[in-house]
Each structure stands twice: as structure tokens, then as C-alpha cells.
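# Residue-level structure breakdown
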Amino acid sequence: MKAEQVKELLKQNSSVQLLEQMYGKGKAEANAARYEMVAKGFSAKFGDKEFEFFTSPGRTEIGGNHTDHNQGKILAGSVQMDCVAAAAANGTETIHMISETYKQELVIDLNNLEPNSQTTGTLPLIKGVLSGLKNRGFEIHGFDAYVTSNVIGGSGVSSSASFEMLICCIVDYLFNNYTRDVVSYAKAGQYAENKYWLKGSGLLDQMACAVGGIITIDFANAEEPAMRRVDCNFDDLDLDLVIVNTGKGHADLSAEYSAVPNEMKSVAKYFGKEVLAEVEEEEVIANAKDIRKACGDRALLRAFHFFEESSRVDTQVAALESGNKEEFLKEITASGNSSWKWLQNCYLNETPQEQSITCALALTELFLSKIKGGACRVHGGGFAGVIAAFLPKEHTAEYCSYINKALGDGSAFVMHIRNQGAIHVEL
């Protein structure tokens, strides 16, 4: 399509229905304007030529906090916040990308994808994803792209994974006949973060962004994770998921994130294993005294969190699929308590005077105790960023007003679970 066609295409009933599915009822018009803006931006920069639309969502982590990197279980879903791109092959071996959101213009030579000393920012991330795709046998050539994103950056809804999966989808559609599997997408994104950002991330973020809907994944087989969709709609439980931006981003906390999987793996190593999924919890309990000496107290606590949190996912999934709201909320609360007490990813020991996550959790717990319902927990990687609150729908507006007053206007976001992952958008 070309830019002058986009406005009319977006008015078609099929397009309006797709936009409402992805972004929520009543949100089609506002998001159509985003697509029009991207089309105009692409044409202004790259000329009046044919292009395709792509989108990749952010994600919400529902259960399985910091379990994926040790091959545990997770429960996650994609959300309406997303990256949107207009892209087209350019017949070269160079990628030209404009980020409207971050005011960046990036040029990537496909013959020079080696990592260097730069371990933060968009450029090494793109190079890492492309290198990861090449390693997995993807055909890659040059393309032009104009990208916008409303995924909150550095805050736990996976703006980076959303962007990574967008790149994978573009490459797959333009050069690989749109035939590659989402596990390959996810592994390319993980490779980029591990090798180019030096961040010890697992596959939760990438898989949730790539697949769409609510999914549960068992990473026991790292090469072929066992994934399935969870048949659930929070609306049927009369619940709203509200993500709260606590006001401090986590983009500069790679060392803290990497310490979590590394400490868990140190306990596995005590038993001659690589990851905790290969160890039994009873073995850890039986050897707790020696593990504390060999690995440290925090590593032991984080190991306990892994076992309990991973098994908790099965209970959460069963509760959701049976419509047992009270059991689901009880498990969310237990997950949050474990992350706070055992995993210890709600604030940094080095800066105890800064506790944006725990302040938001405390405020939310006080609210929930008054309404006698709902649940909350740290969301995503932790240390800074966002929390998740599950609210009875009748109290959602009241809670959003309450938490916005406490943390600042625009802190609360009512989320919509979308069933579309990283996709080529057919208008």
C-alpha cells in the first residue's frame, strides 16, 4: 500500500474490527490515527513507495516472576500497548530505521553486526536481533522502516522485547515468506539481550510479545518450550488489570537483573546442574546450610522463590480456566509476597531510600484492604518500573484516581489483553 491509501483502508469494517480487537473497544479511531502518522512519516522519509504495516505488543507478566531463565514456568499475556512500523525492502544490504518515539535515525550495515563496547541503546539491540536471526537461518536484506511505540519504556511491560519481535516479524515477512516460528523470534531477541546488552534475560518477554493472548509456557526444554494458550478473559472474572508506572525506569539495572538468574544458577551448580529446573526443591532444603556458605543467603532465598513461583503457575492457570477468581487472586498475592520477601526484586539494597515499587505496593495494599478485594504484585523484572493490580471492575476508576493522586497523573494504565502477537497487519 501507499500512504494516500491508508486513511480509506483504515475505515473499512474489517480494519476497524481488527483495531478494536487489538486495542480495545472504542480505541479504533485513536489507533487508526497512529497508523496514518506512521504512513506519512515513512513516505516523508523514504519516498512515495509501497510499504507494509507491522505491529508487536508489549506484555504483562501474570505469573512466574523470574522463572524463565532457569527453565521454569510462566503465565503471561500481550497487551494493547505496541510498536507499529511501516516497512519495505530497499534492495540493499543496509537497514534505515526512523524511531518517531525516541527521535532516532539508525543505519545498520548487515555486513557489520559484530558486538562492540556499546552495551546499551537501540543500535546494539537491533544488531543483536539481526545477528540472532542470521544464526537461526533467516534470510536478511536491507529495509526501510518508520517506527512508533507507546509501550512504556524501561518500566516492565517489555518495550525492548516488543521492539525485538517487531524486527523479527518484519524480516520474516519481507524475506522469509512469513513462515518462521515465534520461538525463533524469541530466541533471537534473547540472544540480543544476552550477548549485545549483556543482560541475563530469559524468554518470557519475547514469547509473550510474539505469540499474543494469554499463554503459559514451561521452559523445561529450552530448545522447544511447551507453550499453550489459556482460555480466559479477565472481563469474565469481573476484573481489570491495571499497570502502575511507579515513576522510576529500570533501563540501567542490567547488573541487578543478571544477578537474579546467576544466583539461582549458582545453587544449581552446587548440585552439578546448570539451572534450577534440574534440581529438586527438597534437595535444596536438605542442603541449605552448605548452600548458604557456598552461594550466599540471597541465592538460597531466590532458589526457594523459583521453586514455589514456578509451581504456582499451574495453580493460577487452573484457577483462570475454571473461573475461580478467589483462588487466582490468592495466588497473585502469594506471588507478590514471594517476590518481595524471597526474590527481593522490589528495591535495591544499595539505595534503600528509593523504593518506588514498594511504595506503590503499600499504597495499593491499603486500598485493597478497604475494598476487601483484588490483588497486587511487582510486575516484570522489578527493582524499579511497574506493579500490577487486579481490581474488581466497580473499583477500577476509584483506584486509578487514588494511585494517580499518590504517584502522579498518568501513572495508572488499564490494560487490554490482545490476542494478536507480533504480526503483519492486513488492511
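Since this is a predicted model, take the numbers as computed values, not measurements.

## Some points on the pattern of salt bridges
Inspection of the entire model under this criterion finds 20 salt bridges. Between Lys11 and Glu8 there is a salt bridge whose closest N-O contact spans 3.5 Å. Of this pair, Lys11 and Glu8 are both found in helix H1 (residues 3-11), three residues apart, which corresponds to roughly one turn of the helix. Across the pair Arg377 and Glu61 runs a salt bridge whose closest N-O atoms are separated by 2.1 Å. You can see Arg377 sitting in strand E9 (residues 375-378) and its partner Glu61 sitting in strand E1 (residues 52-63), a full 316 residues away along the chain. Assigned by exposure class, Arg377 and Glu61 land together as buried. One salt-bridge network, held together by shared partners, links Arg34, Asp82 and Arg418.

## Observations regarding the packing of aromatic side chains
Taken as a whole and judged by the stated rule, the model has 17 aromatic pairs. An angle of 40 degrees between the planes, with centres 5.1 Å apart, marks the rings of Phe367 and Tyr402 as tilted. Taken together, the residues Phe367 in helix H13 (residues 356-371) and Tyr402 in helix H14 (residues 393-407) connect sequence positions 35 residues apart. On the numbers, 6.4 Å between centres and 35 degrees between planes, the contact of Tyr399 with Tyr402 is tilted. In this pair, Tyr399 and Tyr402 both sit in helix H14, three residues apart, roughly one turn of the helix. Under the relative-accessibility criterion, Tyr399 is labelled buried at 0%. Taken together, the aromatic side chains of Tyr35, Phe42, Phe46, Phe51 and Phe53 make up a single cluster linked through ring pairs. Taking the ring centre of Phe138 as reference, the NZ or CZ of Arg180 above it sits at 4.2 Å.

## Some details on the pairing of strand E10 (residues 386-392)
Among the seven residues that make up E10, seven are buried, leaving the element largely enclosed by the rest of the structure. Pairing of E9 with E10, which is carried by four bridges, proceeds in the antiparallel orientation. Paired with Ala375 across the bridge in E10 is Phe390.

Basis of the calculations
Residues numbered from 1 in each chain as written. Predicted model: local features only at pLDDT ≥ 70, side-chain atom pairs only at ≥ 80, totals over all residues. Heavy atoms only, no water. Salt bridge = Lys/Arg side-chain N within 4 Å of Asp/Glu carboxyl O. Helix = DSSP H or I, 4+ residues; strand = E, 2+ residues; numbered from the N terminus. Buried < 20%, exposed > 50% of the residue type's maximum accessible area, 1.4 Å probe, protein only. Phe/Tyr/Trp six-rings, centres within 6.5 Å; stacked < 30°, edge-to-face > 60°. Lys NZ or Arg CZ within 6 Å of the ring centre and 35° of its normal. Pairing = 2+ DSSP bridges.

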